[in-house]
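One letter stands for each residue in the lines below.
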Amino acid sequence: MSQAPPLFDNPYIMENEEDDDIFVSAMSDEDNKIKKCALNPLPELPTLQLSVDKSPIASPIDENNQGDIGIQSPTPTQKFQPMEETGDDESKDQFLDIKVGEGNRIGDGMGAYIVFKVDTKTNIPLFKKNSFTVHRRFSDFLGLHDKLNDKYLRTGRIIPPAPEKSVIGMTKVKMSGQNEQRSSCEFLERRRASLERYLQRTAAHPVLALDPDFREFLQSEGELPKATNTSALSGAGMMRLFNKVGETVNKITYRMDENDSWFEEKTQEIECLETGLRKLHSSVESLVVARKDLATYTGALAKTIAMLSNCEEHRLLASTLAHLNELEEKVEGLHYDQSNTDFSVLCEMLKDYIALIGSVKCVFHERVKVYQNWQHSQLMLNKKRENKAKLELANRIDKGNVAANEIVEWEAKVERCEEEFTNISKMIKKEMERFEETRIKEFKIIFIRYMEKQMKHQQQLVEYWESFLPEAKAIA
């Protein structure tokens with residue numbers, strides 16, 4: 001697979017710590033349990049095939065054997081429509097294909113950081129070339145997200161969620177030696193896949209894909225300006241934390257007088273969808289752990305059978321037990337493979353969509369903030385009018401003229417706020433239509449892919465036991 005999630009770093013470093021956020025929760029115990037796993041990118045809608053893959057199960061650490069948890073087949077080219085409103089015929093043939101390669105560690109100790117290779121292929125005229133490669137740090141991705149968020153969130157655009165941060169994950173990578181890199185390869189693969197998924201979601205958006213900052217990120221050679229606001233311990237980070245707390249309180253306490261029933265219905269739908277996805281994600285995580293436990297117990301059974309075969313005096317029975325040991329070892333690997341599929345195909349997809357729904361909720365809340373500004377401006381306009389009326393009654397013409405000018409200014413501001421509220425409402429409806437369409441397609445692709453992999457696993461399991469059956473019957 002080719003997609004993975006990201007997270008932040010070290011509680012001790014303050015200067016070079018651009019990768020992680022001290023205020024972001026560390027990975028859960030379940031996350032730390034899940035090993036040998038990585039993300040797969042969203043492929044083209046696959047044809048359901050029941051043929052059995054007889055190749056040996058890929059090791060999660062073997063870089064040359066690209067199994068479920070290794071770096072898999074590339075993600076298909078993103079079909080791109082740059083002219084959202086016009087729908088030109090030429091735009092249908094344009095594409096923007098982005099791949100994120102393996103991360104390379106630069107430096108040693110707590111000053112180390114990871115650089116990812118970003119390969120892009122496109123035929124969009126706005127880009128300088130048709131193919132280019134750049135190297136980006138994790139903080140560069142966060143800086144790009146902040147720029148897009150500042151530009152487009154207020155207009156009602158749904159911005160793909162920023163890659164996830166992990167304090168524990170990056171600390172382990174930084175502290176591990178050259179001979180201990182195998183223990184952190186899972187985390188780096190998940191982060192790589194998450195970064196790739198983030199870029200692909202952004203590239204699939206007809207407006208964000210043409211943004212100058214996004215194009216600079218993909219094709220500008222050399223390092224980008226340092227994104228200092230992504231540091232773990234910084235003034236900007238503290239301000240963001242306090243702002244998030246204030247906005248959370250505002251979301252809970254403020255109730256907007258909604259005149260559009262569409263937004264009420266969509267808000268409820270989003271809440272229900274998020275609740276359902278969280279429950280499903282929790283269940284799939286439990287399934288992953290259960291399958292890994294099953295694999296462990298199967299391995300223990302294989303070892304016990306091997307010991308019994310060594311002690312058995314009956315030659316034919318000892319041979320059969322030895323073959324049964326080999327079979328159970330294969331079944332152990334198959335169970336691990338199934339747990340990797342559960343994690344990389346289902347679990348990570350659900351986690352990704354939970355974050356994406358968070359972005360949708362942010363857009364809805366931004367609309368509420370625009371409405372608050374509009375109502376505040378209307379309230380101030382009423383106060384200015386009342387003040388002007390009092391001044392006129394007091395026959396204070398000089399101050400009355402000043403008050404009249406203030407009324408004109410506030411009337412213009414009320415008009416702007418009302419127009420902004422109308423525009424963001426229209427844009428949210430348009431973005432939600434696109435979001436729903438994309439979500440249905442992606443879920444269909446993922447579930448078909450998941451079923452195809454599970455059927456291959458089950459067929460492989462049947463073949464294992466069928467091959468052993470003649471030996472079992474041959475025992476005298």
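In this report, we go over the structure that sits alongside the text. What you are looking at is a predicted structure, and each value in this text was computed from that prediction instead of being measured.

Some points on the overall build of the protein chain
Part 1 of the argument: On a plain count of helices and strands, the protein chain comes out with nine helices and three strands.
Part 2 of the argument: The helix and strand sequence of the protein chain, counted from the amino end, reads α-β-β-β-α-α-α-α-α-α-α-α.
Part 3 of the argument: The buried share among the 476 residues of the protein chain stands at 46%.
Part 4 of the argument: Working note: accessible area of the protein chain is about 24900 Å², and carbon and sulfur atoms make up 54% of it.

A look at the packing of helix α2 (residues 138-152) against helix α5 (residues 212-219)
Part 1 of the argument: Relative orientation of the contacting elements α2 and α5 amounts to 165°, with a least axis distance of 9 Å. The orientation of α2 with respect to α5, classified from their angle, is roughly antiparallel. Where α2 crosses over α5, the handedness of that crossing is left-handed. For the pair α2 and α5, contact is made by D140, F141, L144, K147 and K151 and by P212, D213, F214 and F217, respectively.
Part 2 of the argument: Of the residues belonging to the contact of α2 with α5, the class tally is five nonpolar, no polar and four charged.

Examining the packing of aromatic side chains
Part 1 of the argument: What the rule picks out here adds up to eleven aromatic pairs.
Part 2 of the argument: On the basis of an interplanar angle of 70° and a centroid distance of 5.9 Å, the ring pair of F263 and F364 is categorised as edge-to-face. Taken together, the positions of F263 in helix α7 (residues 261-311) and F364 in helix α8 (residues 315-393) put the pair 101 residues apart, joining distant regions of the chain.
Part 3 of the argument: By relative accessible area, which is 11% here, F364 ends up buried.
Part 4 of the argument: An angle of 65° between the planes, with centres 5.9 Å apart, marks the rings of F443 and F447 as edge-to-face. One end of the pair, F443, and the other, F447, are both in helix α9 (residues 397-473), four residues apart, so they sit about a helical turn from each other.

Thoughts on the nonpolar core
Part 1 of the argument: M432 and F435 are the most contacted members of the largest nonpolar core, which totals 39 residues.
Part 2 of the argument: Secondary-structure elements contributing two or more residues to this core are α7, α8 and α9.
Part 3 of the argument: Top contributing element to this core by residue count: α8, with 19 residues.
Part 4 of the argument: Filtering out sequence-adjacent residues up to four positions away, F435 remains in contact with I158, Y353, L356, I357 and V360.
Part 5 of the argument: Membership of the second largest hydrophobic core comes to 30 residues, among which are L96, I98, F187 and L195.

Things to note about the side chain of H145
Part 1 of the argument: Its place among the elements puts H145 in helix α2.
Part 2 of the argument: Classification of H145 by relative accessible area gives buried; the value is 12%.
Part 3 of the argument: Polar side-chain contacts of H145 include one of 3.3 Å to the backbone oxygen of P160.
Part 4 of the argument: In contact with H145, other than residues within four places in its own chain, are I159, P160, P161, A162 and Y198.

Concerning α8
The α-helix advances 3.6 residues per turn, and as a result positions three or four apart in sequence lie on the same side.
Part 1 of the argument: Compared with the 117 Å implied by 1.5 Å per residue over 79 residues, the 116 Å span of α8 between its first and last C-alpha is a close match.
Part 2 of the argument: Taken as a whole, α8 carries its principal kink of about 30° at C347.
Part 3 of the argument: Following α8 by one or two positions, N395 has its phi on the positive side, about 60°.

Calculation rules
Residues numbered from 1 in each chain as written. Predicted model: local features only at pLDDT ≥ 70, side-chain atom pairs only at ≥ 80, totals over all residues. Heavy atoms only, no water. Helix = DSSP H or I, 4+ residues; strand = E, 2+ residues; numbered from the N terminus. Buried < 20%, exposed > 50% of the residue type's maximum accessible area, 1.4 Å probe, protein only. Areas by Shrake-Rupley, 256 points an atom, 1.4 Å probe, with all protein chains shown as cover. Axes fitted to C-alpha atoms, helices over the stretch in contact; angles between N-to-C directions. Parallel < 35°, antiparallel > 145°, perpendicular 65-115°, else oblique. Left-handed = near helix turned anticlockwise from the far one by under 90°. Contact = heavy atoms within 4.5 Å. Nonpolar A, V, L, I, M, F, W, Y, C, P; charged D, E, K, R; others polar. Phe/Tyr/Trp six-rings, centres within 6.5 Å; stacked < 30°, edge-to-face > 60°. Core = buried A, V, L, I, M, F, W, Y, C linked by side-chain atoms within 4.5 Å. Polar contact = N/O pair within 3.5 Å; in protein donor to acceptor, adjacent residues only side chain to side chain. Expected span 1.5 Å × (residues − 1). Bend = angle between axes of the 7 residues up to and from the residue.

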